[in-house]
Structures are given as C-alpha cells and as structure tokens.
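Residue-level structural notes
Listed below are the residues making up each chain.
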Amino acid sequence: MDTDTPLIEFKNVTKQFGDKTVLDKVDLKIYENQITTIIGKSGTGKSVLLKHIIGLLTPDEGTILYQGKPLRGMKRREREEYRSRVAYLFQNNALLDSMTVFENVALPLKQTTNLGKKEIEKRVKKRLEDLELSDSLDKYPSELSGGMQKRVALARALVTDPTIVLFDEPTTGQDPIRKNMILSMIVHYRRKFGFTAIMISHDIPDVFFISDRIVILWEGKAGFQGTYEEAIRLKHPMIDEFLRSLEGFEDELTGLLSREAFRVHYGTVLGGSGVLPAVSAALFSVEFDLLNDALGPLAALEVLRSLGEYTNRHFQSVGGFSARHSRDQILTIFPHTSPSEAEQLVADFAQQLEQEGLANIESSAQTTIGAEACFEVYVHAGITEVAPADDIDLIIAKARANQQIVATHRCDTGGSAG
C-alpha cells in the first residue's frame, strides 16, 4: 500500500440516533503502524466512531475506506476478511468468568475460523507465551490481578493476528501506576506485533506520551488531527479552549505539572518585554536495569513516580518548576538562575539522591510492588542556558546534548555508587 494512503479514512461520515447527530460530516485519516488516540468530551461520538471502524455501525451518509477501498462497496467475502483484521479490546476486558484464561483466548479462533483443535491450542499457547501468561492458562479471570486480566484481554484480541486493534478506554478505573503500565504495554506489543492501534482515552496527559497522532472530536466533528506538538502550536479556537481546560491537570504519575501548565509557567518566565532574566534548564533522564524481569514496567513506573515527587519537592523550594516531557524524562526550569548556579543546584540534588533519595525510592517501590523490587537506577542530567528565542523542544535538545550520569543506585548492594 502507498505509504501516503491512510489505512482507514472517513470521508464526510454522518451518523444520527433519532434527532441527535453524533458524527457530523467527519473527515478522518488513520495511518498504518501508528498509535492514534481519539480524545474529546463525553458524548462526542468517540465510541460510535470505533464501532464504525469495526463494522458494528454503518454511516447514514459518507464513506469509510480501508486501504483506499470503500467498505460499503466490498463483497461479502472481502468485508468478512476486513472484519477478521480488526480486533476490539473492550473497556472492562469482557472476559468470561466461567472460562479459563486458555478458553477465553481461544474463543475468537473457535468462533471465526475453521482451525482444528491442535492448531487452536498451538496459537493460543503461543500468544499466552508472548504476553508472559503461560503460567496462568488454567486459571480463571477472578484469580488474576487487574493488570494480568488486561493482558489476557489483549492476548485474546491478538490471537487472530489482527492488522488493527481498537482500545476503548483501556485504562479506565486504574490507579496512575497501572494506567501508565497499560499504556507502556500497548506501546511494547504494538512494536512487537506490528498492528495499528486506535485508542479512546481520557487519560491526559499520559496518552500524549505514546500517541503518534491525536484526533480531537468536537461537536461531532474531527476538529483536529495531527501530532500533539502540532496541536499546541496551532492557533485554533477549538484547540485553545480544549487545551486551556487541561492546564490545571497534574501529570497523574509523577505529580508534576502537566505539559500544558508547564508551558504557561514557562511563557510567564519569559515575559514579553524582550528582556530575559537569567534562566537555566536541566533535563533529567532515568535509565533502569531491572534485576527481576518479572516485574516488567511496573517497577520502572513506580521509580519514575517517586522520582517525580522527589524532584518537585527539591526544586520547588528554589523556585524551579518541572514537568515530565517523555515517558522517562523530566525537564526543570530554573528562573533567575545562571548555568553555573544551576549546576550547583543539580550537584546538590544528585548528592541527596545518592545518599538517601534513591534508597527511599527503592523502599517505596518495594512497599508498592513487593519485596522483590530490585533494580539499578541511573539518573542522567544535562544543563543548558535558556535563550530568548528558545522553545521547549530546543531547550530539551540542548540539555540532552549535555547529559551525563549524576546519580546511580544498585539495590542488591545496599546502597549507591557514584
């Protein structure tokens, strides 16, 4: 397929229920091998849009195309083949409590294929192995943790080797650590299996860290579609209003400012007078070496959460403000601070991290996810001066170029190493 051709395209799609127009002449493009996240207020038609993609609903007007071909014009065999390429991960997992993990994952193969018993068993066991669930195949959903149930639901969705996986609010009802763990899982398995992910989510700003494209549904229309960076650069009343509604949000995982609130603070620091006071920035990156692979991303996320809280407490006292700007990076701005002063602040911070902070973070992780939480942590920091014309992306690039390890910790040696 031509790389410029969308995998799925909505053209002028309208859907009404009674007198209510839910989708109003929607134009939308979804590209292959990407994560596209659909956001918007309740009742804007997000779930209705997903149901059109999977074929549970058809438009009243307009056209939906798959690889450039209209779904409505497909022959029955082509339509069935298309539907077999789309999997749906339900908001509440929709696992059947009366069936074992194996039986739940096998169900789509039994219902939609003519495969024999041995081939079904082979495929199910392979998917369970892929998602690290081999030890749970004879268990029932009620015997599993919420995170494991989500993995079982994903194994069931992936057992048919779909091209497209639809995620309907995959993190609803989860605490911040597990929300981020589920999002990390989606990223990991999307890369591993090569499917296209289309996701509905309210978990802002966390979904921005994993999404290639964002679609904002607004009053029945796709008011914006593009990258997160494009969304905040584009001066459009709808986007401004939507992002203003998010400015008070903290990053749920780390407790730091959301990226939107961070930009507001940053703009205030720069002022508008053209006279820039001394401003410096530090980019902190966290590198993990999990000594117990079974912990997966959960330990790393717990460390990142604790580190965010620790960074916030430390630098707030000197006027600094911080935000998470990628899944494992924290950017801190130091107003009225020269680079040499910022270097001393970071050196003091690193010393405290090595002496007590990382050990406290380890203890927090052990309390949250068990005594086996054992890992090495490497904290990198890069410092740069902020110039008047610098936007945040440029600051991050300049600080990243100066990064070096400033603090390390290895839990199984009982302390830190510098």
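This structure is a prediction, so every number in the text was calculated from the model and none was measured. (Residues numbered from 1 in each chain as written. Predicted model: local features only at pLDDT ≥ 70, side-chain atom pairs only at ≥ 80, totals over all residues. Heavy atoms only, no water.)

Quick look at the overall build of the chain now. Scanning the chain for helices and strands turns up 12 helices and 16 strands. Taken over 418 residues, the chain has a buried fraction of 51%. Sequence-distant contacts in the chain: of pairs separated by 6 or more residues, those separated by 24 or more amount to 71%. With the model as given, the accessible surface of the chain reaches about 19,300 Å², and the carbon-plus-sulfur share is 47%. (Helix = DSSP H or I, 4+ residues; strand = E, 2+ residues; numbered from the N terminus. Buried < 20%, exposed > 50% of the residue type's maximum accessible area, 1.4 Å probe, protein only. Contact = heavy atoms within 4.5 Å. Areas by Shrake-Rupley, 256 points an atom, 1.4 Å probe, with all protein chains shown as cover.)

Turning our eyes to something else, we now look at the pattern of salt bridges. Evaluation of the coordinates by the stated rule reveals 10 salt bridges. A salt bridge links R127 to D161; the shortest N-O distance between them is 2.5 Å. Of this pair, R127 sits in helix α4 (residues 117-130) while D161 sits in the loop between α5 (146-158) and β7 (164-168), placing them 34 residues apart in sequence. For R127, a relative accessible area of 11% gives the class buried. Put simply, D390 and K398 hold a salt bridge, and the shortest N to O gap is 2.7 Å. The exposure class assigned to D390 is buried, which follows from its relative accessible area of 7%. Each of K126, R127, D130 and D161 takes part in one network of salt bridges that share partners. (Salt bridge = Lys/Arg side-chain N within 4 Å of Asp/Glu carboxyl O.)

When you tally the buried positions in strand β13 (residues 329-335), you get seven out of seven residues, the bulk of the element. Neither face of β13 is left uncovered, since the one carrying Q329, L331, I333 and P335 and the one carrying I330, T332 and F334 both have all their residues buried. One ladder, built from five bridges, connects strand β12 (residues 321-326) with β13; its direction is antiparallel. Looking across to β13, one finds that F321 is bridged to I333. (Pairing = 2+ DSSP bridges.)

Where strands meet in a sheet, backbone hydrogen bonds hold them as pairs that are either parallel or antiparallel. Spatially, the four strands line up as an open sheet ordered β2-β1-β4-β5, and their pairing is antiparallel. Looking along the sheet, the strands with just one partner apiece sit at the ends: β2 (20-30) and β5 (69-70). For strand β1 (residues 8-17) and strand β4 (residues 61-66), the ladder comprises five bridges, and the chain directions are antiparallel. Counterpart to F10 in the pairing with β4 is I64. On the sheet, helix α1 (residues 46-54) packs against β1, β2 and β4 and is oriented at approximately 120° with respect to β1. (Axes fitted to C-alpha atoms, helices over the stretch in contact; angles between N-to-C directions.)

A word on the nonpolar core. Counting residues in hydrophobic clusters, the biggest one holds 45 residues, and the most contacted among them are V105, V124, L128, L154, F167 and M199. Excluding residues within four positions of it along the chain, M199 makes contact with I35, T36, T37, I38, F167, P170, L183, I186, V207 and I210. Grouped together as the second largest cluster of nonpolar side chains are 28 residues, I54, V86, L166 and V215 included. (Core = buried A, V, L, I, M, F, W, Y, C linked by side-chain atoms within 4.5 Å.)

Another point: the sheet that holds strand β3 (residues 35-39). As summarised here, the arrangement of the six strands in space is β6-β7-β8-β3-β9-β10, forming an open sheet in which the pairing is mixed. Among the strands making up the open sheet, the edge pair consists of β6 (86-89) and β10 (221-226). Along the sheet, successive strands turn relative to each other by an average axial angle of 20°, direction set aside. Of the strand pairs in this sheet, β3 and strand β8 (residues 196-200) are connected by four bridges, and their pairing is parallel.

In this section: the packing of helix α3 (residues 101-112) against α5. It is at 7 Å that the axes of α3 and α5 come closest, and there the two elements cross at 30°. Considering the angle they form, α3 stands roughly parallel to α5. The hand of the α3/α5 crossing is right-handed. Residues V101, N104, V105 and P108 of α3 form the contact with α5, whose own contacting residues are V152, A155 and R156. Looking at the contact of α3 with α5, its residues break down into five nonpolar, one polar and one charged. (Parallel < 35°, antiparallel > 145°, perpendicular 65-115°, else oblique. Left-handed = near helix turned anticlockwise from the far one by under 90°. Nonpolar A, V, L, I, M, F, W, Y, C, P; charged D, E, K, R; others polar.)

Moving on, we get to unusual backbone geometry. With a phi angle near 60°, N12 is a residue other than glycine that sits in the positive phi range. Tracing the backbone through its elements, the reader meets N12 in strand β1. Positive phi, close to 50°, is recorded for E169, a residue that is not glycine. Note on placement: E169 falls in the loop between β7 and α6 (176-193).

None of the figures reported here should be taken as evidence of function without further support.
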